[in-house]
Amino acid sequence: PTLAYVQTGAVLEVLHVMLGWVPSQLLSTAMQIASRLFVVWLPTYWMQLGSEVPLGYALIAVAWTLSDLTRYLYY
């Protein structure tokens with residue numbers, strides 16, 4: 001659940017585009033954030049129904065974190 005809550009903070013990126021703080025397209029940013037939230041919240045909901053986090057989901061979360069870290073350091 002922590003990953004889902006932290007990833008939800010990315011909604012601020014849409015707000016930043018709307019305020020003109022970043023030179024991005026609103027539609028593409030909103031679609032990217034919406035797809036990320038869908039990818040993270042749906043499995044999080046399903047895992048709450050079970051008792052443990054599948055290894056595959058944990059590995060995906062680590063890979064996603066490392067790729068975002070690299071991307072944000074680049075920016």
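This is a predicted model, so every value here is computed, not measured. (Residues numbered from 1 in each chain as written. Predicted model: local features only at pLDDT ≥ 70, side-chain atom pairs only at ≥ 80, totals over all residues. Heavy atoms only, no water.)

**Student:** How would you explain the overall build of the protein chain if you had to name every residue and give the values?
**Tutor:** Each helix and strand counted, the protein chain has four helices and zero strands in total. Secondary structure of the protein chain in N-to-C order comes out as α-α-α-α. Looking at the protein chain as a whole, 21% of its 75 residues are labelled buried. Expressed as a percentage of contacts within the protein chain between residues at least 6 apart in sequence, the contacts between residues at least 24 apart total 55%. Carbon and sulfur atoms make up 73% of the accessible area of the protein chain, which amounts to about 5800 Å² in all. (Helix = DSSP H or I, 4+ residues; strand = E, 2+ residues; numbered from the N terminus. Buried < 20%, exposed > 50% of the residue type's maximum accessible area, 1.4 Å probe, protein only. Contact = heavy atoms within 4.5 Å. Areas by Shrake-Rupley, 256 points an atom, 1.4 Å probe, with all protein chains shown as cover.)

**Student:** If you had to explain the environment of Val40 to someone new, which residues and values would you point to?
**Tutor:** By secondary structure assignment, the location of Val40 is in helix α3 (residues 26-49). Along the sequence, Val40 and Thr8 sit 32 residues apart, while their C-alpha atoms lie 9.0 Å from each other. Setting aside residues up to four positions removed in sequence, Val40 forms contacts with Leu3, Ala4, Gln7, Tyr57 and Trp64.

**Student:** I'd like to hear about the packing of aromatic side chains, residue by residue, with values.
**Tutor:** The final tally for this structure, using the stated rule, is one aromatic pair. Relative to Trp41, the ring of Tyr5 lies with its centre 5.3 Å away and its plane at 75 degrees, an arrangement referred to as edge-to-face. Taken together, the residues span a long stretch of sequence, with Tyr5 in helix α1 (residues 2-8) and Trp41 in helix α3 at a distance of 36 residues. Since its relative accessible area comes to 56%, Tyr5 is described here as exposed. (Phe/Tyr/Trp six-rings, centres within 6.5 Å; stacked < 30°, edge-to-face > 60°.)

**Student:** Any chance you could break down the side chain of Thr29 for me, citing the residues and the numbers?
**Tutor:** Within the fold, Thr29 resides in helix α3. For Thr29, the side chain forms a polar contact with the main-chain oxygen of Gln25, separated by 2.8 Å. Excluding anything up to four places from it in sequence, Thr29 contacts Glu13, Val14, Val17 and Ser24. (Polar contact = N/O pair within 3.5 Å; in protein donor to acceptor, adjacent residues only side chain to side chain.)

**Student:** Requested: an account of a nonpolar patch on the surface, with residues and values cited.
**Tutor:** Side chains of Leu12, Leu15, Leu19, Trp21 and Val22 sit close together on the surface and give an oily, nonpolar patch of about 500 Å² of accessible area. Checked against the element boundaries, Leu15 lands in helix α2 (residues 11-19). Overall, the relative accessible area of 39% leaves Leu15 in the partly exposed class. (Patch = residues over 30% accessible without salt bridge, like charges linked within 9 Å, V, L, I, M, F, W, Y side chains within 5 Å. Salt bridge = Lys/Arg side-chain N within 4 Å of Asp/Glu carboxyl O.)

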